[in-house]
Amino acid sequence: MAGPEASDARSLLRRAVAWVAILNLAYFGVEFAAALAIGSVSLFADSIDFLEDASVNLLILLALGWAAAARARLGMVLAAILLAPGVATLWTAWEKFNQPVAPDPVALSVTGLGALAVNLTCAFLLARHRASGGSLTRAAFLSARNDAFANLAIIAAGLVTAFLWRSAWPDLAVGLAIAAMNADAAREVFRAAREEHRAALPGDPGRA
């Protein structure tokens, strides 16, 4: 039976996940608008990733009270969702190949810096829960962590475009790297969810 400490831990996890969902949804709007305004592949890919993260965390909020096996099955579904930004990036990158115009480097770097601040905040909120929340919380933490690395690359792409190489290629390269990073995160989440599901099969205790 879950004691008061377990109940408090679940309440703190719910609060953290709720804040992460709100932050991701808010910055999705900011980054998506910036991506359309300057024609950036990397910002477009990252904005879709913010929307995906908001959706993932909302699903986690709904599933925190589910049985362990059900949470693990949802973790496998979320692994597939993590691939969505990569698919969107590939499509946008293909369009950019046909019109290789460099995005505004200042707007690119500044928007990437804002995204980095949001993702570092989300990673900090989720870090203490990544081991205890199962595959669902692991999915959210990995996504926030990977996004922070992606944001550093976006900032670098803006600096390279501004000072070294006025080209669409730095932005394109970062966008494709974001797609690859999300594919790796999906693999890790699916593996964790599968192991969690196997562990829950012999005797699912009901509610974690």
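Since the model is a prediction, treat every value here as computed from it, not as a measurement. (Residues numbered from 1 in each chain as written. Predicted model: local features only at pLDDT ≥ 70, side-chain atom pairs only at ≥ 80, totals over all residues. Heavy atoms only, no water.)

> Give a description of the overall build of the protein chain that names residues and reports values.
Within the protein chain, the regular secondary structure consists of 7 helices and 0 strands. Its helices and strands in sequence order give the protein chain the pattern α-α-α-α-α-α-α, from N to C terminus. Taking the contacts inside the protein chain whose residues are at least 6 apart along the sequence as the reference set, 84% of them involve residues at least 24 apart. Total accessible area on the protein chain stands at roughly 10,100 Å², and carbon and sulfur atoms take up 70% of it. (Helix = DSSP H or I, 4+ residues; strand = E, 2+ residues; numbered from the N terminus. Contact = heavy atoms within 4.5 Å. Areas by Shrake-Rupley, 256 points an atom, 1.4 Å probe, with all protein chains shown as cover.)

> Which residues make up the side chain of aspartate 46, and what values do they have?
Checked against the element boundaries, aspartate 46 lands in helix H2 (residues 41-63). On the basis of relative accessibility, which here comes to 0%, the residue aspartate 46 falls in the buried class. At a separation of 2.7 Å, a polar atom in the side chain of aspartate 46 contacts the side chain of asparagine 151. Non-local contacts of aspartate 46, meaning those with residues more than four positions away in its chain, are made with Glu31, Ala115, Asp147, Ala150, Asn151, Ile154 and Ile178. (Buried < 20%, exposed > 50% of the residue type's maximum accessible area, 1.4 Å probe, protein only. Polar contact = N/O pair within 3.5 Å; in protein donor to acceptor, adjacent residues only side chain to side chain.)

> Give me the lowdown on the environment of alanine 16, citing residues and values where you can.
Locating alanine 16 in the fold gives a position in helix H1 (residues 4-38). Residue classification places alanine 16 among the buried positions, given a relative accessible area of 7%. Taking the C-alpha atoms as reference, alanine 16 lies 6.5 Å from leucine 126; in sequence the two are 110 residues apart.

> So what about H2? Which residues, and what values?
Along its 23 residues, H2 runs 33 Å from first to last C-alpha, staying within 8% of the 33 Å computed at 1.5 Å per residue. A large share of H2 lies buried, amounting to 17 of its 23 residues. (Expected span 1.5 Å × (residues − 1).)

> Report on the layout of surface pockets, specifying residues and quantitative values.
When its volume is computed, the second largest pocket comes out at roughly 220 Å³. As for the second largest pocket, its lining consists of Ala35, Leu36, Gly39, Ser40, Val41, Phe44, Trp91, Thr92, Glu95, Lys96 and Gln99. For the lining of the second largest pocket, the secondary structure elements donating two or more residues are H1, H2 and helix H4 (84-98). Element by element, the count of residues in the lining of the second largest pocket is highest for H4, at 4 residues. Of the residues in the lining of the second largest pocket, the class split is 5 nonpolar, 4 polar and 2 charged. (1 Å grid on protein atoms, 1.4 Å probe; cavity = no way out; pocket = protein on both sides within 12 Å on 5 of 7 lines; lining within 4 Å. Points joined across faces, edges and corners; volume = space filled by probe spheres on them. Nonpolar A, V, L, I, M, F, W, Y, C, P; charged D, E, K, R; others polar.)

> Could you give me a rundown of a nonpolar patch on the surface, with the residues and numbers involved?
Residues Leu90, Trp91, Trp94, Phe97, Leu159, Phe163, Leu164, Trp165, Trp169 and Leu176 make up a contiguous nonpolar surface patch of about 1,200 Å² in total accessible area. Elements with a minimum of two residues in the nonpolar patch: H4, helix H6 (134-163) and helix H7 (169-200). At 4 residues, H4 tops the list of elements feeding residues into the nonpolar patch. Within the fold, leucine 176 resides in helix H7. Relative accessible area serves as the criterion here: at 33%, leucine 176 is assigned to the partly exposed category. (Patch = residues over 30% accessible without salt bridge, like charges linked within 9 Å, V, L, I, M, F, W, Y side chains within 5 Å. Salt bridge = Lys/Arg side-chain N within 4 Å of Asp/Glu carboxyl O.)

> Could you give an account of the nonpolar core, with specific residues and numbers?
Core analysis: the biggest nonpolar cluster contains 20 residues, and Phe50, Ile60 and Leu126 have the highest contact counts within it. Only H1, H2, helix H3 (68-81), helix H5 (105-127) and H6 provide two or more residues apiece to this core. Ranked by size, the runner-up nonpolar core spans 14 residues in total, among them Ile38, Phe44, Ala88 and Ile178. (Core = buried A, V, L, I, M, F, W, Y, C linked by side-chain atoms within 4.5 Å.)

> Quick rundown of the packing of H2 against H5? Include the residues and the values.
Two elements in contact, H2 and H5, have axes whose closest approach is 11 Å; the angle formed by their N-to-C orientations is 25 degrees. It follows from the interaxial angle that H2 and H5 lie roughly parallel. The way H2 lies across H5 gives a crossing that is left-handed. On the side of H2, the interface is formed by Ser42, Leu43, Asp46, Phe50 and Asn57, while H5 contributes Leu108, Thr111, Gly112, Ala115, Val118, Asn119 and Leu126. Considering only residue class, the contact of H2 with H5 consists of 6 nonpolar, 5 polar and 1 charged. (Axes fitted to C-alpha atoms, helices over the stretch in contact; angles between N-to-C directions. Parallel < 35°, antiparallel > 145°, perpendicular 65-115°, else oblique. Left-handed = near helix turned anticlockwise from the far one by under 90°.)

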